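Geometric and topological summary
Single-letter residue listing:
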Amino acid sequence: MVDVTEKEMDNPTFRSDTVLSDVHLHCPSKRHLMVRLNAVGQPVFLSYFKLLWNTDDSASEKHVGEAAAEREHQGRSGDELCDKDRNLKKENEFSREGIKALLDDDGDLEVVRRPQSASDLGAEYLLRHKVHPVILMKGKEDAFEDEEKECTCDFVKIEHTMATPLEDVGKQVWRAAFLLADYILFKQDMFRCSSVLELGGGTGIASIIMGTVAKRVYCTDVGEDLLAMCEQNVALNKHLMERGRGEVKVKELDWLKDEFCTDPEAPYSWSEDEIADVHDHCTVIMAADVFYDDDLTDALFRTLHRITHNLRNSCTVYLALEKRLNFTLRHMDVTCEAYSHFRNTLNDLENLQDRKIKYTAEPIKPDFCQFLIYERIEQL
């Protein structure tokens, strides 16, 4: 858990009331453009996530392998080369220019020191390294110069925050959303021309990817600030949805309320026609990384039951999540209480005695092709 203060963007401090998604930790020197402060004063960043459109297994594996190698290289400090690389560079310079290559501007000899072995390092050095993302401020015209040279259809552009209180975690990007997006791209034909509802859409990345193949997607969450960010992300990625003529609508849907918000004064409310469209045509419901609080998990399943009970057609619900392990004093062991509660609630839904509707649950193995660059850990 990290709190990134405005004055010390490159020196995170640890606090217990702030949550940080680790999606960006795998590329610590990756550039992140800070575009603005949101309504509550949180820094908002713009990140480009590369899409690997090639569905050929061998090609995809090659791209993912290259991406992993790139992440490993980016894991080094953005301002320094490791000792090995520096030594190699000096050797090459020496071979080209002789002894002059090793002299500084004053004519002094620059001594290349051998790398320290692990046994020589102090205990403090062996502790977990701090992550120092490279923060770029809005106004630098060449902030994403390299990326802009490539085809824009190869990137998803997402505005997001990096560290928030628990109640604002929807403003961050989470790994399960990437996993769900991968599955959508892997099963494009299955979702083509469908009508989709996403619960807890957050920054909207899964809905945006679904919008490249589906006819209409309703991306829902709560909080005007979050929904505005999500709507901005949909606008940033219209180029991806144009070829499939998909449409993504950002709407408010509060799991703690029994009805859709129809207040015409509310900025993300529902019209009667939109509610009827969901009830008459929705065949897919999806949610990613929304099972972290037991009360919200209960509310989500109540919402699922209420909505599916009113659907005209049968519906498939896709739930993607990361099983997060924590040591608890209550059990004196490593457990995942949020995941356990999710599974228990899912079992209750399967066992629900309802004359009109029946639920069945099936696991999906996450061994399908990877289309986005992230670490697909076994807890997904």
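What this report covers is the structure whose coordinates are included nearby. (Residues numbered from 1 in each chain as written. Predicted model: local features only at pLDDT ≥ 70, side-chain atom pairs only at ≥ 80, totals over all residues. Heavy atoms only, no water.)

Right, let's get into the overall build of the protein chain. Broken down by element type, the protein chain carries eleven helices and 15 strands. Burial analysis of the protein chain (380 residues in total) assigns 43% to the buried set. Intrachain contacts of the protein chain at a sequence separation of at least 6 include 71% that bridge at least 24 residues. Here the protein chain displays about 21900 Å² of accessible surface, and carbon together with sulfur accounts for 49% of that area. (Helix = DSSP H or I, 4+ residues; strand = E, 2+ residues; numbered from the N terminus. Buried < 20%, exposed > 50% of the residue type's maximum accessible area, 1.4 Å probe, protein only. Contact = heavy atoms within 4.5 Å. Areas by Shrake-Rupley, 256 points an atom, 1.4 Å probe, with all protein chains shown as cover.)

Right, let's talk about the sheet that holds strand β12 (residues 282-288) for a bit. Strands pair in a sheet through their backbones, by hydrogen bonds, and they do so in one of two ways: parallel or antiparallel. Taking strand neighbours across the sheet as the criterion, the five strands line up as β11-β10-β9-β12-β13 in an open arrangement whose pairing is parallel. The two strands at the open ends of the sheet, each matched to only one other strand, are β11 (247-252) and β13 (316-320). Across the sheet, the mean angle separating the axes of adjacent strands is 20 degrees when strand polarity is ignored. Both strand β9 (residues 195-198) and β12 contribute to a ladder of four bridges, which runs parallel. Bridge pairing links V196 to V284 in β12. Across the sheet, helix α7 (residues 224-236) lies against β10 (216-221) and β11, angled at about 175 degrees from β11, the strand it touches most. The strands that helix α9 (residues 272-281) touches are β9, β10, β11 and β12; relative to β12, the one it contacts most, it runs at about 100 degrees. (Pairing = 2+ DSSP bridges. Axes fitted to C-alpha atoms, helices over the stretch in contact; angles between N-to-C directions.)

To continue, consider the nonpolar core. Membership of the largest hydrophobic core comes to 46 residues, with the highest contact counts inside it found for F178, L180, I184, F191, M210 and M286. Sequence-distant contacts of M210, defined by excluding residues within four places in its chain, comprise I184, F191, V196, V217, V284 and M286. Membership of the second largest hydrophobic core comes to 26 residues, among which are F260, I285, I307 and L321. (Core = buried A, V, L, I, M, F, W, Y, C linked by side-chain atoms within 4.5 Å.)

Burial of the side chains of β9 extends over both faces: S195 and L197 are buried on one face and V196 and E198 on the other. In this region the chain leaves β9, passes through helix α6 (residues 205-210) and returns to the parallel neighbour β10; the handedness of that crossover is right-handed. (Right-handed = clockwise from strand over helix to strand, strands pointing away.)

For the rest of this paragraph, the subject is the environment of A177. Within the secondary structure, A177 sits in helix α4 (residues 175-186). Put simply, A177 and G202 are 25 residues apart on the chain and 9.4 Å apart in space, counted from C-alpha to C-alpha. With sequence-adjacent residues up to four places away left out, A177 is seen in contact with I205, A206 and A288.

It is worth spelling out the packing of helix α10 (residues 294-309) against helix α11 (residues 337-350) at this point. Interaxial distance between α10 and α11 falls to 10 Å at its minimum, and their mutual angle equals 25 degrees. It follows from the interaxial angle that α10 and α11 lie roughly parallel. Between α10 and α11 lies a crossing of right-handed hand. Packed against α10, whose contacting residues are D294, T297, D298 and F301, the element α11 presents E337, A338, H341, F342, T345, L346 and L349 at the interface. Of the residues assigned to the contact of α10 with α11, the class counts are five nonpolar, three polar and three charged. (Parallel < 35°, antiparallel > 145°, perpendicular 65-115°, else oblique. Left-handed = near helix turned anticlockwise from the far one by under 90°. Nonpolar A, V, L, I, M, F, W, Y, C, P; charged D, E, K, R; others polar.)

A few words now on the packing of aromatic side chains. A full pass over the atoms with the stated rule returns 14 aromatic pairs. An angle of 75 degrees between the planes, with centres 5.4 Å apart, marks the rings of F191 and Y318 as edge-to-face. Separated by 127 residues along the polypeptide, F191 in helix α5 (residues 188-191) and Y318 in strand β13 bring together distant segments of the chain. With a relative accessible area of 1%, F191 lands in the buried category. Of the residues examined, Y318 reaches a relative accessible area of 12% and is grouped as buried. Taken together, the ring pairs in this structure connect Y183, F186, F191, Y318 and F368 into an aromatic cluster. Just above the ring of F155 sits the side chain of K50; from NZ or CZ to the centre is 5.2 Å. (Phe/Tyr/Trp six-rings, centres within 6.5 Å; stacked < 30°, edge-to-face > 60°. Lys NZ or Arg CZ within 6 Å of the ring centre and 35° of its normal.)

Honestly, that's just the spatial picture; any functional story needs more than this.
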